Each structure stands twice: as C-alpha cells, then as structure tokens.
Amino acid sequence: MASERPLPYERRMTDIPQARDRSREFDIVLWGATGFTGRLVADYLVRNYVGGETGLRLALAGRNEAKVRDVASEIGAADLPILVGDSFDAASLDEMTSRTTVLISTVGPYAKYGAEVVAACVRNGTDYCDLTGETQFVRAMIDAHEDEARKTGARIVHCCGYDSIPSDLGTLMVQEGFKQRHGKYASQVKMAAVDMRGGMSGGTVASMMNILDELKENPGLRKVLGNPYALNPAGMRGPDKGDQNGARYDADLGTWTGPFLMAAINTRVVRRSQALFGQPWGGEFRYSEVMGTGKGPKGLSRAVSLAGGIMAFMVSLAIPFTRPFVEKRLPSPGEGPSAEARARGRFRSNFVALGDGQSLRGHVSDQRDPGYGSTAVMLSE
C-alpha cells in the first residue's frame with residue numbers, strides 16, 4: 001500500500017539508479033548455489049518465481065559445474081542455465097556479472113572469497129546483495145568501491161539476511177509509527193531478540209573463524225570491529241558506545257538482557273542507514289540490541305549464563321590449544337540444520353522507540369529458522 005505522505009528519505013531517491021530494462025540475459029545469477037544457504041535460496045526462487053507469470057530469468061553459478069547441475073536437478077530445475085566462475089579469477093567474474101542485472105552471493109567467508117565478486121559487479125554496473133555479517137569486509141568494500149559504484153550505477157547491498165534486515169527495517173518501522181503517532185521521530189530505539197530457535201551452519205562458523213584469523217594477522221582490525229559507527233560515512237558519528245557484554249535488566253524492554261552476537265553487525269547497519277538517509281532521526285539518535293532472557297530470577301540466571309557462555313565460547317576459539325576441540329563439535333562448511341530442524345525454527349525481535357517520555361512498540365517475527373529458512377526468503381526478496 002502506498003504511503004500517503006513522503007518518507008523522510010524520499011528526497012534522496014534521485015541518488016539511487018532507477019529500475020533497469022531487461023536487456024541483459026539474466027535477471028538474477030545466484031553465485032554459490034552449491035552451498036548450504038545457496039541451495040535454500042535456489043529452491044525458494046525456483047518455487048516462487050521461475051516459470052509462470054513471473055518469468056524470472058535465473059541462472060545458477062558456482063565453481064564446479066557438475067555440483068551446480070546436481071543442485072538444479074535436486075530442486076526440480078534441471079533446465080536452468082549454469083555458469084562457472086572462480087572467486088579469484090576476475091575474467092570469469094566479469095563474464096558472469098556482465099550477463100545479469102542482479103548477482104546474489106552466498107559464498108563466504110566474504111572477507112576471504114567476496115572481494116573480487118563485488119569488484120566485478122561494480123565494474124559492470126551490476127546490482128549485488130549478499131549475506132555477510134562481517135563488518136570489516138563491508139567497510140573494506142565501501143572504501144574500495146563506493147565512488148566507482150556511483151559512476152556505474154551498481155547498487156551494492158550487504159547483510160541481506162537475518163543479519164541485518166529485521167534490525168534495519170524493524171527500526172524504520174517503529175520510527176515511522178512513532179512519527180505518525182507523536183509528530184516526530186524517536187531519539188532512541190532498542191531491540192531485544194526474545195525468541196530465537198535455529199541451527200548454525202558451517203558457513204557461519206567459517207566466517208567466525210576467519211574473523212579471528214584476520215585479527216591475529218592484523219590487530220588493527222579491532223578498531224574497526226569495536227567502532228559502533230564503523231560503517232558510517234566519515235565524520236557522521238553519534239552518542240552510542242560499545243555493545244552490551246554483561247547481564248542487566250532493561251525496564252524499557254521489560255526483561256533481563258544479555259549480549260546478542262548479531263549486534264556487532266546489526267547496530268552498525270542501522271546507524272549507517274540513518275546516516276545515508278541524512279540523519280532524519282537526529283545526530284544524537286541511539287540504537288542498541290540485546291538478547292531478552294525474561295523476567296524474575298530465571299531471567300537473571302539466563303542472562304548471566306548467556307553472557308558467561310558467549311565469553312567462554314569466544315575465548316575457546318581464540319586460544320590455539322582449545323580451538324581444535326571446539327571446531328570438531330561445530331558444523332563444517334556446507335553443513336547446516338535439517339529440513340525438520342528448520343521447520344521447527346522461529347524468531348521474534350521486539351522493538352521499543354523512545355523519545356520525550358513517549359514510546360511505541362513493535363516486533364518482527366517469522367515461523368522459520370532465522371539463519372536459513374527466514375534468511376533464504378529475505379535474501380531472495
């Protein structure tokens with residue numbers, strides 16, 4: 001339904017390339033179709049958009065042609081076009097990205113395998129989206145390609161799954177609602193992940209490990225990862241400090257809270273969006289994310305256990321002696337939760353917008369595994 005009043009950022013839409021014609025061979029190329037999440041995205045796109053009235057022109061792409069064809073057959077789309085490329089071969093990536101309007105990438109860790117793909121999309125004016133939650137990678141791509149992307153018209157959009165769509169659009173939702181109700185935007189938004197059930201895939205584990213490895217090689221990355229405004233344009237900062245590490249009670253959210261692992265990327269994305277919109281919510285706008293653990297003694301106990309468990313987990317991965325033991329108990333790349341486990345998944349993120357003694361609440365939720373079932377839908381859409 002169209003809005004009856006202009007959105008706060010509508011005046012900036014002239015900065016964004018408008019819809020293209022369909023002169024290219026494909027509408028979408030899915031790069032990484034043989035990975036765990038790539039298969040889910042391919043299946044979703046085929047079931048909902050390939051054939052029929054939509055007529056989506058989709059191609060699947062990967063490094064190994066035989067494996068990509070196996071995926072196409074498994075999802076009932078053996079006749080889909082198959083493209084072959086290599087994450088480190090610029091010529092193959094240019095050939096692939098020049099043939100499509102949009103490239104979806106599910107090939108991670110992105111800091112390890114994603115840079116040349118983004119560069120190829122920028123060179124060829126091809127729109128791009130991915131699932132990265134790697135702050136240092138997003139910052140590096142902005143620094144390397146923003147100027148050229150503006151010239152070629154390529155729209156490069158990172159973090160298009162559970163990291164960080166619920167956070168980004170959930171914040172926009174409560175801000176728009178707050179202004180409708182109170183005539184102005186809230187000065188602060190808080191998010192609590194209060195109900196989350198889902199599995200972890202080997203790709204997520206590999207990304208976490210790669211970040212730790214990068215930190216060993218380049219300790220200076222700590223400044224990027226620890227900066228709450230790491231993704232903002234230069235000079236656009238605000239009052240937010242680091243993400244919550246311990247346990248505390250939040251009266252605004254009405255729950256005991258502990259640290260939320262995804263806050264490290266989600267909060268940076270929300271702050272960047274507000275900056276790119278021209279800071280309509282004000283230069284002193286604050287945003288935070290936590291894990292909600294409930295009320296009373298049980299909620300406190302869960303919050304303390306969560307904070308301690310996350311700390312112990314990260315320390316065990318950082319110590320060379322204990323890391324191999326932890327890795328053996330985690331899924332390998334290409335592995336992830338079963339279809340039955342994904343069907344049992346769900347998530348709910350609660351938001352509260354606050355300003356001048358007034359508040360407004362909202363939530364974003366889904367009855368799918370957040371990191372895979374929901375993420376496949378978000379990235380595809």
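Each remark here, short or long, concerns the structure printed above.
Counting through the fold element by element, Arg368 comes out in the loop between strand 12 (358-366) and helix 14 (370-380). Looking at Arg368, the relative accessible area reads 35%, which means it is partly exposed. A C-alpha to C-alpha distance of 5.9 Å links Arg368 and Ala343, two positions 25 residues apart in sequence. When sequence neighbours within four positions are dropped, the list of residues in contact with Arg368 reads Arg342, Gly345, Arg346, Phe347, Gly373, Ser374 and Val377.

To continue, consider helix 6 (residues 135-152). With 18 residues, helix 6 extends 24 Å between its outermost C-alpha atoms, agreeing within 8% with the 26 Å of an ideal straight helix rising 1.5 Å per residue. Where helix 6 bends most, the angle comes to about 60°, and this point is His145. Taken as a whole, helix 6 has its buried residues at Thr135, Gln136, Phe137, Val138, Arg139, Met141, Ile142, His145 and Ala149. Within two residues after helix 6, Gly153 carries a phi angle of roughly 85°, on the positive side.

The buried fraction of strand 11 (residues 346-355) is high, at seven of 10 residues. Pairing analysis gives nine bridges linking strand 7 (residues 188-197) to strand 11, with the strands arranged antiparallel. Looking at the pairing, Ala193 lines up with Ser349 of strand 11. Pairing between strand 11 and strand 12: nine bridges, direction antiparallel. When the bridges of strand 12 are listed, Val352 appears paired with Arg361. Hairpin remark: strand 11 followed by strand 12, antiparallel, with two residues in the connecting loop; positive phi at Asp356, about 55°.

Spatially, 8-9-10-7-11-12 is the arrangement adopted by the six strands of the open sheet, whose pairing is mixed. Of all the strands in the sheet, just strand 8 (248-250) and strand 12 have a single pairing partner and so form its edges. Strand after strand, the sheet turns through a mean of 35° between neighbouring axes, direction not considered. Each of strand 7, strand 10 (286-294), strand 11 and strand 12 touches helix 7 (residues 165-182); the most contacted strand, strand 12, lies at about 145° to it. Against the sheet, helix 11 (residues 296-318) contacts strand 9 (255-258) and strand 10, and its axis sits at roughly 115° relative to strand 10.

The next point concerns unusual backbone geometry. The phi torsion of most residues other than glycine is negative, and most of the peptide bonds are trans. In this structure, Pro109 follows Gly108 across a cis peptide bond, with omega equal to 0°. Here Pro109 is to be found in the loop between strand 4 (100-105) and helix 4 (110-113). At the junction of Asp163 and Ser164, the peptide bond is cis and its omega measures out at 10° in the coordinates. Looking at the secondary structure, you find Ser164 in the loop between strand 6 (156-157) and helix 7. Located in the positive-phi region is Gln279, a residue other than glycine, with phi close to 55°.

Relative to the helices and strands, Ser105 is located in strand 4. A polar side-chain atom of Ser105 sits 3.4 Å from the main-chain amide nitrogen of Val107. Residue contacts for Ser105: discarding those within four places in its chain leaves Trp31, Tyr110, Tyr128, Cys129, Asp130 and Leu131.

Here the focus is the nonpolar core. In terms of nonpolar packing, the biggest core is built from 46 residues, with Val29, Leu30, Trp31, Leu58, Leu60, Met96 and Leu103 touching the most fellow members. In terms of residues, this core owes the most to one element, helix 1 (residues 36-49), which gives six residues. When near neighbours in sequence (up to four residues on either side) are disregarded, Val29 contacts Ala59, Ala61, Leu83, Met96, Thr100, Val102, Leu103 and Ile104. Counting 21 residues, the second largest nonpolar core, distinct from the first, contains Val174, Phe285, Phe351 and Ala353.

Rules of the game
- What you see as residue numbers is a count from 1 along each chain, following the sequence as written.
- Restriction of local features to residues with pLDDT of at least 70 applies here, the model being predicted, together with a cutoff of 80 or more for giving and counting side-chain atom pairs; totals for whole chains, interfaces and linings are based on all residues.
- Water and hydrogen atoms were dropped before computing side-chain values, which therefore reflect all heavy atoms in the structure.
- Each helix is a run of DSSP H or I of at least 4 residues and each strand a run of E of at least 2, with the numbering of both proceeding from the N terminus.
- Only protein chains enter the calculation, and the probe is 1.4 Å; a residue is then buried if its accessible area is under 20% of its type maximum, exposed if over 50%, and partly exposed in between.
- The contact criterion used is simple: two residues touch if any of their non-hydrogen atoms lie within 4.5 Å.
- Expected span of a helix: the number of residues minus one, times 1.5 Å.
- Bending is quantified residue by residue as the angle between axes fitted to the seven-residue window ending at that residue and the seven-residue window starting at it.
- Criterion used throughout: strands pair if DSSP finds at least two bridges between them.
- Simply put, an axis is a line fit to the C-alpha atoms, just over the touching stretch for a helix, and the angle between two N-to-C directions goes from 0 to 180 degrees.
- The definition of a polar contact used here is a pair of N or O atoms within 3.5 Å, where within protein one atom must be able to donate a hydrogen and the other to accept one, and adjacent residues in sequence count solely through side-chain atom pairs.
- Take the buried residues of types Ala, Val, Leu, Ile, Met, Phe, Trp, Tyr and Cys, join any two whose side-chain atoms come within 4.5 Å, and each joined set is a nonpolar core.

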